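Chain residues, written in single-letter form:
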Amino acid sequence: MTLRGPARRGYPGHMNGRNRLGDFLRARRERLSPPAETDGAGPSRRTPGLRREEVAMLAGVSTDYYVRLEQGRERNPSTQVLNALARAFQLREEETEYLHTLAGPVRRSRADADRVSAGLVRLMQHWTDTPAFVLDRLMNIRACNAIGRCLYEPLRLSEQGNLLRMAFLDPAAPEFYVDWQRSARNVVGTLRAANSGFEEDPALAAFIGELSVQSEEFARLWARHDVRGKVGDTKRLHHPEVGPLALRYESFTVNGAPGQQLIVYHADPGSPSEDSLALLGSLAGSRRGGRVPVAQRKPEPRSATPW
């Protein structure tokens, strides 16, 4: 498959760390709508979004300085300049934090925890009506309780235990995720946020390369440089056995386990989704040893596994 346009820019060769800041600035600039009163704001513009001089004016810096930032010839912008650019690009707090990270030194390796603690696994096992799983920075499911497995069972690629592969490569995903486009954007933004400062990690580059080749939509979204922390939100799903589900999820950093996050789903009290979730819990209890395996490099002892 030949990647063109934004998809090609999303390929791992484009995230080699040489100009991470410039790539981000360019992607955000191209997404801003030009002001109607600006000359050339209409069809005559040759490139999408704002011109460099327009961004420079909004940020209160010289055009030459901004051009050097985008081209990677200026690599040490001050905190004040970064905050001014964040305002010009209308960045959210997490996106502003990511911008500051891009202006810092590249970290080439990361020692993440390979296994989920037995204590956390046992805790999740007791949540019979609460889907819960532990993710690593590549969105691999490192551990999952029984109802969590049952929740994602309709996706064939749940056996691989990776949220991105499930979202972009599983043919059942557009039906499972009620708002698939939103879910897809969010999980890509979460991947970028989780790997902020580690763009040269070989495991990340290989993973991005694999998904970019197999999914043009993933490559397009990756090239947008969206950033989204795994924060609380509502996810709407359609489960073939219990029907529609509107589930709120919360994310917690696992202390002592670098790169791991605990994700917990719950339904609003008294809602139809709460009843459906209880039914799903009953189904999960009746079928021990389902799908969605732990993405461990080595198998855990039986007492430490979530099923």
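Each value, and the rule that gives it
- Residues numbered from 1 in each chain as written.
- Predicted model: local features only at pLDDT ≥ 70, side-chain atom pairs only at ≥ 80, totals over all residues.
- Heavy atoms only, no water.
- Salt bridge = Lys/Arg side-chain N within 4 Å of Asp/Glu carboxyl O.
- Helix = DSSP H or I, 4+ residues; strand = E, 2+ residues; numbered from the N terminus.
- Buried < 20%, exposed > 50% of the residue type's maximum accessible area, 1.4 Å probe, protein only.
- Pairing = 2+ DSSP bridges.
- Phe/Tyr/Trp six-rings, centres within 6.5 Å; stacked < 30°, edge-to-face > 60°.
- Axes fitted to C-alpha atoms, helices over the stretch in contact; angles between N-to-C directions.
- Core = buried A, V, L, I, M, F, W, Y, C linked by side-chain atoms within 4.5 Å.
- Contact = heavy atoms within 4.5 Å.
- Disulfide = S-S within 2.5 Å.

Visitor: Describe the pattern of salt bridges, listing the residues and the values that go with them.
Guide: Opposite charge on two side chains makes pairing possible when the charged atoms of those side chains draw close. This structure, assessed with the given rule, holds 20 salt bridges. Arginine 26 serves as the salt-bridge partner of glutamate 70, at 3.9 Å between the closest nitrogen and oxygen. Here arginine 26 lies in helix H2 (residues 20-29) and glutamate 70 lies in helix H4 (residues 63-71), a separation of 44 residues in the sequence. For glutamate 70, a relative accessible area of 0% translates into the label buried. For arginine 26, a relative accessible area of 22% gives the class partly exposed. Each of Arg28, Arg31, Arg92, Glu94, Glu95, Arg224 and Asp226 takes part in one network of salt bridges that share partners.

Visitor: Describe the environment of leucine 135, naming the residues involved and giving the relevant values.
Guide: For leucine 135, the position within the fold is in strand E1 (residues 132-135). Counting along the chain gives 124 residues from leucine 135 to glycine 259, while the straight-line C-alpha distance between them is 8.0 Å.

Visitor: Outline unusual backbone geometry, listing residues and values.
Guide: Even without glycine at this site, methionine 139 takes up a positive phi of about 65 degrees. By the secondary structure assignment, methionine 139 is in the loop between E1 and strand E2 (141-144). Of note in this structure, histidine 225 is not a glycine but carries a positive phi near 60 degrees. Locating histidine 225 in the fold gives a position in the loop between helix H13 (216-223) and strand E3 (233-239).

Visitor: Give a description of the pairing of E2 that names residues and reports values.
Guide: For E1 and E2, the ladder comprises three bridges, and the chain directions are antiparallel. Paired with phenylalanine 133 across the strands is cysteine 144, a residue of E2. Counted along the chain from E1 to the antiparallel partner E2, the turn is five residues long, and its residue methionine 139 has a positive phi close to 65 degrees.

Visitor: Tell me about the pairing of strand E4 (residues 243-253), and name the residues and values.
Guide: Direction of pairing for E3 relative to E4: antiparallel, over a ladder of seven bridges. What sits directly across from histidine 239, in E4, is glycine 243. With antiparallel pairing between neighbouring strands as the criterion, E3 and E4 make up a hairpin whose turn holds three residues. Alignment of E4 against strand E5 (residues 261-266), held across six bridges, turns out to be antiparallel. Across the sheet, residue tyrosine 249 finds its bridge partner in E5, namely tyrosine 265.

Visitor: Requested: an account of the packing of aromatic side chains, with residues and values cited.
Guide: Using the criterion set out here, one finds nine aromatic pairs in the structure. Relative to tyrosine 98, the ring of phenylalanine 24 lies with its centre 5.4 Å away and its plane at 65 degrees, an arrangement referred to as edge-to-face. With a gap of 74 residues between them, phenylalanine 24 in helix H2 and tyrosine 98 in helix H6 (residues 93-102) connect regions that are remote in the sequence. With a relative accessible area of 3%, tyrosine 98 lands in the buried category. Taking 5.8 Å as the distance between ring centres and 75 degrees as the angle between the ring planes, the aromatic pair formed by phenylalanine 168 and tryptophan 180 counts as edge-to-face.

Visitor: I'd like a rundown of the sheet that holds E2, residues and numbers included.
Guide: Spatial ordering of the open sheet is given by E2-E1-E5-E4-E3, a layout of five strands whose pairing is antiparallel. Edge positions in the open sheet fall to E2 and E3, since each of these has one partner strand only. Taking the axes of each pair of neighbouring strands and ignoring which way they run, one obtains an average angle of 30 degrees across the sheet.

Visitor: Any chance you could break down the nonpolar core for me, citing the residues and the numbers?
Guide: With 45 residues, the main nonpolar core has Tyr152, Leu164, Phe168 and Leu191 as its most contacted residues. Among all residues touching leucine 191, those that are not within four sequence positions of it are Arg137, Leu138, Met139, Leu164, Leu204, Phe207, Ile208, Phe218 and Trp222. Residues Leu32, Leu50, Tyr66 and Leu91 belong to the second largest nonpolar core, which totals 23 residues.

Visitor: Which residues make up helix H5 (residues 79-88), and what values go with them?
Guide: Within H5, burial applies to Val81, Leu82, Ala84, Leu85, Ala86 and Ala88. Downstream of H5 by one or two residues, glutamine 90 has phi in the positive range, about 60 degrees.

Visitor: Tell me about the state of the cysteines, residues and numbers included.
Guide: Using the criterion set out here, one finds zero disulfides in the structure. The closest cysteine sulfur to the non-disulfide-bonded cysteine 144 is located on cysteine 150, 10.0 Å from its own sulfur. Judged by its relative accessible area of 1%, cysteine 144 falls in the buried class. The buried category is assigned to cysteine 150, whose relative accessible area is 2%.

Visitor: Give a detailed account of the side chain of arginine 28, specifying residues and quantitative values.
Guide: Note on placement: arginine 28 falls in helix H2. A relative accessible area of 9% means that arginine 28 is categorised as buried. Beyond its immediate chain neighbours, meaning those up to four positions away, arginine 28 contacts Phe89, Leu91, Glu95, Arg224, His225 and Asp226.

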